[in-house]
Structure formats: structure tokens, C-alpha cells
Amino acid sequence: MSAKVTSSDKIEDLFPETPVRKIITPVERLMKVETTGGIVLIIMTLAALVWANLSPETYHHFWHLPFSMTIGGWTGAGDLHWFINDALMTIFFFNIGLEVKGEMTYGELHDPKAASLPIIAAAGGMLFPALIYLLLCPHGEHSAAHGWGVPTATDIAFVVGCMAILGKKVPHALRVMILTLAIADDIGAILVIAIGYPSGDGINFVALGTGFALLVLINVLFRIGVRNLLHGVIGVAVWAFFVKSGVHPTIAGVLLGLSVPAKPVLAKGRLAHFAGSLGGALSGEAKDRNEQYEVFQQLKRGARESISMQERFFKPLVPWVNFFIMPLFALSNAGVEIKLGGVEIPVMGAVAIALILGKPIGIFLFSLLSVKIGISKKPSYPWKVLWGGGMLAGIGFTMALFVAGLAFDVGDRQDSAKLGILLGSFCAAILGTIYMNIVSKPHDAPEEPKNEAT
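Residues numbered from 1 in each chain as written. Predicted model: local features only at pLDDT ≥ 70, side-chain atom pairs only at ≥ 80, totals over all residues. Heavy atoms only, no water.

### A few points about the nonpolar core
Next up, step 1: Counting residues in hydrophobic clusters, the biggest one holds 79 residues, and the most contacted among them are Phe 92, Tyr 133, Val 150, Ile 156, Leu 174 and Met 177.
Next up, step 2: The dominant element in this core, judged by the number of residues it contributes, is helix H7 (residues 172-196), at 11 residues.
Next up, step 3: Discounting residues that sit within four places of it in the chain, Tyr 133 has contacts with Ala 144, Ala 145, Gly 147, Trp 148, Pro 151, Val 347, Ala 350, Val 351, Ala 354 and Phe 408. (Core = buried A, V, L, I, M, F, W, Y, C linked by side-chain atoms within 4.5 Å. Buried < 20%, exposed > 50% of the residue type's maximum accessible area, 1.4 Å probe, protein only. Helix = DSSP H or I, 4+ residues; strand = E, 2+ residues; numbered from the N terminus. Contact = heavy atoms within 4.5 Å.)

What follows is the structure, given as C-alpha cells:
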């Protein structure tokens, strides 16, 4: 009688012990701990702040070193900062899109009423910070009211880091809700930039339309059963057209992630039935090595197609996102030079208060209202826990810094807005983390969904 294989069994346990495995195994275990990624992110943020204030010239010079990418006849020229924010962070948003797609197919967002909650909450989380800012910085001569868009965005990377530090204190449903809210928030921030802070160049609608046409092509190819590297080539082209269009290319990452199928080709049980019919060929008793090779190749393909493409992309990308892309992003973006001279207290205070109070108030009130009037489904976690999620959403770092650069010319007012972003985001992270530790009980991770092919 053969031994029963359980979920705790690993194929690596059958491999011979080698010196390399003795080194790699502990590192792999450490990387699988959720809080490790958040700790690395915080370390990189502090390192960026120290570097930018001890030697601002070298910090800015390094991240503005020239960098260019050429794809066919298209060339994207920029610097290291551009490459990280517009290229590497697209991979981060692609992974977020994959996670949301999985939840839409099998998880918390499968119910349309549950899916509507984070979108409506995101609207409240943008409206209330803008109103609080305008209340504290009203219109008038030499008014700072033009900065109303600064505190409207949530920084998804740092929120993910804080939730990783909290670990099981964050319910899975709340994590998905905040991730979806942050994506909707970023899309809203793009609209804020386009409407409230238009650039001289504007949006290239031909390039944007081409990018969306290629997205449609990718979805059609998936539907007719094409599953190969062609999708990757088209995906890179989508990113390039979004860059050319003037719309932030991280939106392309989200849309590409949402396009990936979340259902496997093979239904559950099919592979086990096939493997059970192989008999001696699978146990290594087959005398014909070509036959044995073909059997194992078929098993390899069957194992691959028993897992959805969404899972095959998402899980391997997680360590790259947590330990390379997000820390590099923090190191290149968090280096704000703190200068106290010439600080405009109303601007700094308005931005900070809008992030700390406006975000949780707007998210909580709009969520409560949407549930009460029947648009959205009541979340599975308590309302007090949702308030904590709203506090964490007050971390408005990268997009807020970007909007501050558009809203104000270089000078004391822009520096004041950036200091307000630092102060508000730091307080939101600390207060939100402390609050969640107090009010939320540890939650077990959800069971893996039982995928079935259509």
C-alpha cells in the first residue's frame, strides 16, 4: 500500500541534502514570513531619509542617472527613478491585479455587492481629505488651495508593508478590501492629475487607444486557448503604449493582472485519475526510457495546467515584489530632504490632518452608507476593524509626493506639502498599526480555493 501524500509533504524532502540547500532553506523560510517584507521596507525607507538628509546631492544625482529602454522602434528615455516607478512598479501592480482577480473569481470579491464596497469606500477616502484640506486652506490671494489633490491618494506599497507587519491581525477580507480600495484610489488619483493638474502635453489618445486594443487582444487570445509567451510580448507593448499615452503605466499593470485567467484548464481529480492509470511507467519500472520520458512530460504538463495561470504568476512574483521591487521603490522615493526653514504651517498641517483624519472618516462613512442603503454587502469583520483599515489608508506617500510636485512650484510651499505628507503618512502608519493591534484579534489565513476548470 502506498503512503498517503498530504499537503505537508514536499518534493524537496526527497532530494539529497547538499551544502547549498543548507544555506538556501533557512533563507526561504525567512522570506515566507509575512512580516519580513514589511521590516525590509521600513529599513529601506529610513535609509532613504538618512541618505537624502546627509547627502542630498548624491541621493538625487544617483536616482537621476540616465536610463533608457528600447522596444523595436520605440525608445523610453528617463532615469533610474523613472525606471523604478514606471517599469518595476508596473510589475508590483500586475501582481496586485493578479491577487484581486483571484479574489474576484473565488474569494472575497466574488459577490458583486462585496466588490462594490472598496470602490465606494475609495471615493469617500478621496473626497473627505480634499474637503478637509480646502477647509484648512481656503481660496484667497496667494492661496494654497490648489494643493487639494495632494492628500487624496493611498500609497499601496507602504500599506501592504504595514499589513505584512501586522500579519494575522489583518483579516484576509480586510486586506483584499484595502488592496482593491488602493487600486481604485490610484485610478482616481490619475483622474485627479488629469483634471486638476493637466500637463502641457496632455494625453495621447491614439497611444492610449492602442494600449486598450492590445488589452482586448490579450483577453481574446486567452479565451480561444492561446497560452504562451505571446501574451508577455503583447503585455510589454501595452506597457510601452501606456507610457507613450501619458497615463501612468502602473494602470496597465493592474489591467494586465486582471486579464489573466484564474481558472485552471484541468478540472480537479483529472490529473490524479491519469496518474493512477500509468502503473509501472510512473514507478520507474518501464523499460523503454523514451516511454518514461513521455509519461513524465505529460505529468509535468498536467500538473502545470491543474494550476490556474493566475496562481502560476502570482505566487512566484511575491518574493520578488516583497524583497526587491518594494524596497528599491522605497529607497528611491522616500528620500525627502527635511528643511524646517520657511515651512508654511497651514499647508503642512492641512496635508497631514487630511491624511490622518480624512481618509478613515471618508472610507468609514461611505462604507457604512453603501451597506445601509443596500448597495454593498456588510463586511465579515467588525466596523471598528474597518476604521483601522481606513487609518492605514492614510499613508499617502508616492502619489501624494507626485501631486505635490504638480500642485506647487519648487520652493517652500512644495517642501511644506512634502513635510505634511511625511508627517501624515508616518502618523497614519503608527496610529493605524497600534489601533489594529488593540482592536483586532489574530485571524487564520483562509483555505486555498478549490479551483475547477470550466
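On we go from here.
### With respect to a nonpolar patch on the surface
Next up, step 1: The grouping of Ile 39, Ile 42, Ile 43, Leu 46 and Ile 165 at the surface amounts to a nonpolar patch, some 430 Å² of accessible area in total.
Next up, step 2: With four residues, helix H2 (residues 34-54) is the single largest residue contributor to the nonpolar patch.
Next up, step 3: With respect to the secondary-structure elements, Ile 42 resides in helix H2.
Next up, step 4: For Ile 42, a relative accessible area of 43% gives the class partly exposed. (Patch = residues over 30% accessible without salt bridge, like charges linked within 9 Å, V, L, I, M, F, W, Y side chains within 5 Å. Areas by Shrake-Rupley, 256 points an atom, 1.4 Å probe, with all protein chains shown as cover. Salt bridge = Lys/Arg side-chain N within 4 Å of Asp/Glu carboxyl O.)

### Observations concerning the packing of aromatic side chains
Next up, step 1: Applying the stated criterion across every chain yields a total of 15 aromatic pairs.
Next up, step 2: Ring centres of Phe 364 and Trp 387 lie 5.6 Å apart, and the angle between their planes is 75°; on these two criteria the pair is classed as edge-to-face. Here Trp 387 lies in helix H16 (residues 383-392) and Phe 364 lies in helix H15 (residues 345-372), a separation of 23 residues in the sequence.
Next up, step 3: Through successive ring pairs, a cluster of aromatic residues spans Trp 51, Tyr 59, Phe 62 and Trp 63. (Phe/Tyr/Trp six-rings, centres within 6.5 Å; stacked < 30°, edge-to-face > 60°.)

### Quick notes on the environment of Met 177
Next up, step 1: For Met 177, the position within the fold is in helix H7.
Next up, step 2: Taking the C-alpha atoms as reference, Met 177 lies 7.7 Å from Leu 117; in sequence the two are 60 residues apart.
Next up, step 3: Leaving out residues up to four positions away in the same chain, Met 177 has contacts with Leu 117, Pro 118, Ala 121, Ser 367, Tyr 381 and Leu 386.

### Digging into the confidence of the model for the protein
Next up, step 1: Residues with a pLDDT of 70 or more make up 81% of the protein, whose mean pLDDT is 81.
Next up, step 2: Contacts of residues 1-5 to residues separated by more than four positions or lying in other chains number one contact, the stretch itself having pLDDT below 50. (pLDDT = per-residue confidence, 0-100.)

### Comments concerning the environment of Pro 56
Next up, step 1: Topologically, Pro 56 is positioned in helix H3 (residues 56-63).
Next up, step 2: Between the C-alpha atoms of Pro 56 and Glu 337, which are 281 residues apart in sequence, the distance is 6.9 Å.
Next up, step 3: Sequence-distant contacts of Pro 56, defined by excluding residues within four places in its chain, comprise Trp 51 and Glu 337.

### Some remarks on helix H9 (residues 230-245)
Next up, step 1: For H9, which comprises 16 residues, the first-to-last C-alpha distance of 22 Å matches the rise-based estimate of 22 Å (1.5 Å per residue) to within 8%.
Next up, step 2: If you check which residues of H9 are buried, you get His 231, Ile 234, Gly 235, Val 238, Trp 239, Ala 240, Phe 242 and Ser 245.
Next up, step 3: Trailing H9 by a residue or two, Gly 246 shows a phi angle of about 95°, which is positive. (Expected span 1.5 Å × (residues − 1).)

### Considerations on the pattern of salt bridges
Next up, step 1: Summed over all chains, the structure comprises three salt bridges.
Next up, step 2: Arg 175 serves as the salt-bridge partner of Glu 99, at 3.3 Å between the closest nitrogen and oxygen. Separated by 76 residues along the polypeptide, Glu 99 in helix H4 (residues 80-105) and Arg 175 in helix H7 bring together distant segments of the chain.
Next up, step 3: The exposure class assigned to Glu 99 is buried, which follows from its relative accessible area of 11%.
Next up, step 4: A salt bridge links Asp 185 to Lys 359, with the nearest nitrogen and oxygen atoms 2.7 Å apart. Here Lys 359 lies in helix H15 and Asp 185 lies in helix H7, a separation of 174 residues in the sequence.
Next up, step 5: With relative accessibility at 0%, the residue Lys 359 sits in the buried group.

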